[in-house]
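Topology and contacts: notes
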Amino acid sequence: MSLDLEEQLRQSLSRQADTTRQMPTDPWGEFTADERRHRTARRIARGAVGAVAVAGLVAAIGTGVIALPGGNTATTSVTPAAPVPALVDSPTRGSLAQNKTWLKGLRTALTGAPTCCGFQVVEHSPITIVFAGDVPGRRLALVTVLAQQGGTTQTQMLWLGGPVHATPSRMTLMSTFDPGNVVTRMEGTEQDGGYLVVVAPDQATVQTSLGTDRGTGQRIWTPGKDGIAIVAAPPSPSAPAAKVVVTLHGRTLFSDEPTSEWLSGSTPKGSAVPTDHASETNG
Amino acid sequence: MADDDAFREFVTARWGALVRTAFLLTGDHGQAEDLVQATLERMHRHWRRVERKDSPDGYARKVMTNLAISNARRRRFREISLVFAPETPSRDATHPIAERDEVWQALRLLPPGVRAVLVLRYFEDLSEAEVARVLGCGIGTVKSQNSRGLERMRGLLDSGDPPARSHPLARPEKKLHTPITEGMHR
């Protein structure tokens, strides 16, 4: 290449920026029209949620699921479908679930910790530790917090990671995302392999597959336990063709590929698969 | 009313520049305009405070970059990869357009946080300290993200293959969650 990468990048960004459409004649008009539309949509959405809630309440009273004072309590009630318990309502799971000192240390480390990319756990945020434990090559924690990001405050789930046996203060923020009922993460490298972890509500049935049988071409499935699956992923130049299926009370909660971060030619965070036995202090 | 006039002036003056940066952060024209709209709506709600305490440009950059990172993490990777799906120019170091495309495509394969650092550094020409302020992190993190991003781009460009689709990260079936910081140690 004739130019160094930084100069090439400058030129490329400048050229690409020029592909954006010409400034509209009235950007203010476009902005206000869109803003009005968004405001209306938000009102409709709020109204729809309210209407559904009222309709549900009326239906519940009508079918006797909710008894009114003085009402006919002998009315046959309709058994609603078993609700899917929220992931955050499940007990903490993982190999560190019973290690109260470590969990307490993690809560302390999270509160007010300086973070990146405009992300900040708010002061006095409730912290739910959904998963804490070691997976092949890493110590992981999945937590729910109230966080500020991009000018808004909302509940977010975080993956925190560190070397195997890391103390809470050595755990690093790896990613944030909107809370869900099934969380997956696959991470690894070409040289060292890695892991696949699935965290689902504690009564859920989890099945994971990292590939197919060469002879039959059929997927090989590995069951998880108590809504958790942790599987070692072998070294591979690209991410294994993984699949995760999670069911609960006969309902499929998740059937998809896991979220994946797989690096070819190097190890995440620029080091060998981390181990840190010296720092193990349980707190 | 005076507030609205000032905000209107800001929108009129800065819309084009914001869309350009938003496109580099998202890689998609539609998403870029949506991102700018979302940013401006947030600014509108807090305009008085923004005008009083912050530089509106700085505030817009901060909100927009963080929204872009956050949105990208939520989006499935296959959505991004479809943008690359059409024909990819074959690698030819003497062809400046192909070279530029490859640089752009390599940039698009980086995690959103790293990509944002590179856009702010090499398009907005911000210093490392200014990028750190926008992203709310330390200068050390910016430096490491910057060098990691360039290193990964070099790796992609030197591999001899066009970055699109041939790289495992570009596989349409993958979803990518991105580490957003390495600076949480206390």
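About the cut-offs
Residues numbered from 1 in each chain as written. Chains lettered and ligands numbered in written order. Predicted model: local features only at pLDDT ≥ 70, side-chain atom pairs only at ≥ 80, totals over all residues. Heavy atoms only, no water. Helix = DSSP H or I, 4+ residues; strand = E, 2+ residues; numbered from the N terminus. Buried < 20%, exposed > 50% of the residue type's maximum accessible area, 1.4 Å probe, protein only. Contact = heavy atoms within 4.5 Å. Areas by Shrake-Rupley, 256 points an atom, 1.4 Å probe, with all protein chains shown as cover. Pairing = 2+ DSSP bridges. Axes fitted to C-alpha atoms, helices over the stretch in contact; angles between N-to-C directions. Parallel < 35°, antiparallel > 145°, perpendicular 65-115°, else oblique. Nonpolar A, V, L, I, M, F, W, Y, C, P; charged D, E, K, R; others polar. Expected span 1.5 Å × (residues − 1). Polar contact = N/O pair within 3.5 Å; in protein donor to acceptor, adjacent residues only side chain to side chain. pLDDT = per-residue confidence, 0-100. Phe/Tyr/Trp six-rings, centres within 6.5 Å; stacked < 30°, edge-to-face > 60°. Lys NZ or Arg CZ within 6 Å of the ring centre and 35° of its normal. Core = buried A, V, L, I, M, F, W, Y, C linked by side-chain atoms within 4.5 Å. Salt bridge = Lys/Arg side-chain N within 4 Å of Asp/Glu carboxyl O.

To continue, consider the overall build of chain B. Along the backbone of chain B there are ten helices and zero strands. Its helices and strands in sequence order give chain B the pattern α-α-α-α-α-α-α-α-α-α, from N to C terminus. Considering chain B as a whole, with its 186 residues, one finds that 54% of them fall into the buried category. Across chain B, contacts joining residues at least 24 apart in sequence account for 69% of those joining residues at least 6 apart. Carbon and sulfur atoms provide 48% of the accessible area of chain B, an area that totals close to 7,800 Å².

All names here are of chain A. One open sheet holds the four strands; their spatial order is 9-8-11-12, and the pairing between them is antiparallel. At either end of the open sheet lies a strand with only one pairing partner, and these are strand 9 (219-223) and strand 12 (251-256). Strand-to-strand twist in this sheet, taken as the mean axis angle between neighbours without regard to direction, amounts to 20°. The sheet contact formed by strand 11 (residues 243-248) and strand 12 spans five bridges and is antiparallel. When the bridges of strand 12 are listed, Thr247 appears paired with Thr252.

Below, the discussion takes up unusual backbone geometry. All names here are of chain A. A positive phi is found at His165, a non-glycine position, where the angle reads about 75°. Relative to the helices and strands, His165 is located in the loop between strand 4 (152-162) and strand 5 (172-177). The backbone phi angle of His249 is positive, close to 50°, even though this residue is not glycine. Along the chain, His249 falls in the loop between strand 11 and strand 12.

Our focus in this paragraph is the packing of helix 1 (residues 5-17) of chain A against helix 9 (residues 139-158) of chain B. In the contact formed by helix 1 of chain A and helix 9 of chain B, the axes pass within 11 Å of each other and the chain directions differ by 90°. Comparing their axes, helix 9 of chain B and helix 1 of chain A come out roughly perpendicular. On helix 9 of chain B, the residues touching Leu5, Glu6 and Leu9 of chain A of helix 1 of chain A are Leu150, Met153, Arg154 and Leu157 of chain B. A class-by-class count of the residues in the contact of helix 1 of chain A with helix 9 of chain B yields five nonpolar, no polar and two charged.

Residue and element names in this part refer to chain A. Within the open sheet, the four strands sit side by side as 10-7-6-13. Their pairing is mixed. Two strands in the sheet have a free side with no partner beyond their single neighbour: strand 10 (228-233) and strand 13 (260-263). Looking at each pair of strands side by side, their axes are set apart by 5° on average, direction ignored.

This brings us to helix 2 (residues 29-45) of chain B. Residues and elements named next belong to chain B. End to end, helix 2 covers 25 Å across 17 residues, agreeing with the expected 24 Å (1.5 Å per residue, within 8%). Listed in full, the buried residues belonging to helix 2 are Ala32, Leu35, Val36, Gln37, Thr39, Leu40, Glu41, Arg42 and Met43. Between the side-chain oxygen at the start of helix 2 and the backbone nitrogen of Gln31 there is a gap of 2.7 Å, and the oxygen is on Asp28.

A word on helix 7 (residues 112-122) of chain B. The buried fraction of helix 7 of chain B amounts to eleven of the eleven residues, a majority that puts the element mostly inside the structure. Those residues of helix 7 of chain B that sit buried are Pro112, Gly113, Val114, Arg115, Ala116, Val117, Leu118, Val119, Leu120, Arg121 and Tyr122 of chain B.

Residues and elements named next belong to chain A. On average, residues of chain A score 76 in pLDDT, and 69% of them reach the 70 mark or higher. When mean pLDDT is compared element by element in chain A, strand 2 (residues 128-135) scores highest at 95, while helix 2 (residues 27-62) scores lowest at 63. Counting interchain partners and residues more than four positions distant, the pLDDT-below-50 stretch residues 266-283 has 43 contacts.

Here we take up the packing of aromatic side chains. The description of an aromatic ring pair rests on the distance of the ring centres and on the angle between the ring planes. A complete count under the given rule lists six aromatic pairs over all chains for this structure. The cationic tip of Arg121 of chain B hangs over the ring face of Tyr122 of chain B; the distance from NZ or CZ to the ring centre is 5.8 Å.

With respect to the secondary-structure elements, Thr65 of chain B resides in helix 4 (residues 56-74). Not counting the four nearest positions on each side in its chain, Thr65 of chain B is found in contact with Leu25, Ala116, Leu120, Val134 and Leu135 of chain B.

This paragraph deals with the nonpolar core. Among the nonpolar cores identified, the biggest contains 55 residues, and Leu9 and Leu13 of chain A together with Phe7, Leu40, Met43, Leu107 and Met153 of chain B are the most heavily contacted of them. Sorting elements by how many residues they give to this core places helix 1 (residues 2-26) of chain B first, with ten residues. Once you skip the residues sitting within four places of it in the chain, Met43 of chain B turns out to touch Phe7, Phe10, Val50, Pro56, Tyr59 and Ala60 of chain B.

Residue and element names in this part refer to chain B. In this fold, Gln145 is placed in helix 9. Note on Gln145: relative accessible area 3%, which makes it buried. C-alpha separation for the pair Gln145 and Arg115, spaced 30 residues apart in sequence, amounts to 8.8 Å.

This part covers the side chain of Ser90 of chain A. For Ser90 of chain A, the location among the structural elements is in the loop between helix 2 and helix 3 (100-110). From its side chain, Ser90 of chain A meets the backbone nitrogen of Asp202 of chain A in a polar contact 3.1 Å long.

This paragraph deals with the pattern of salt bridges. One pass over the full model with this rule turns up eight salt bridges over all chains. Of the charged contacts in the structure, one is a salt bridge between Glu187 of chain A and Arg138 of chain A, with a shortest N-O distance of 2.9 Å. Here Glu187 of chain A is found in strand 6 (residues 183-189), whereas its partner Arg138 of chain A is found in strand 3 (residues 138-149), with 49 residues between them in sequence. Overall, Arg138 of chain A belongs to the buried group, its relative accessible area being 6%. Here the salt bridges share partners, and the residues they tie into one network are Glu7 and Arg10 of chain A together with Asp125 of chain B.

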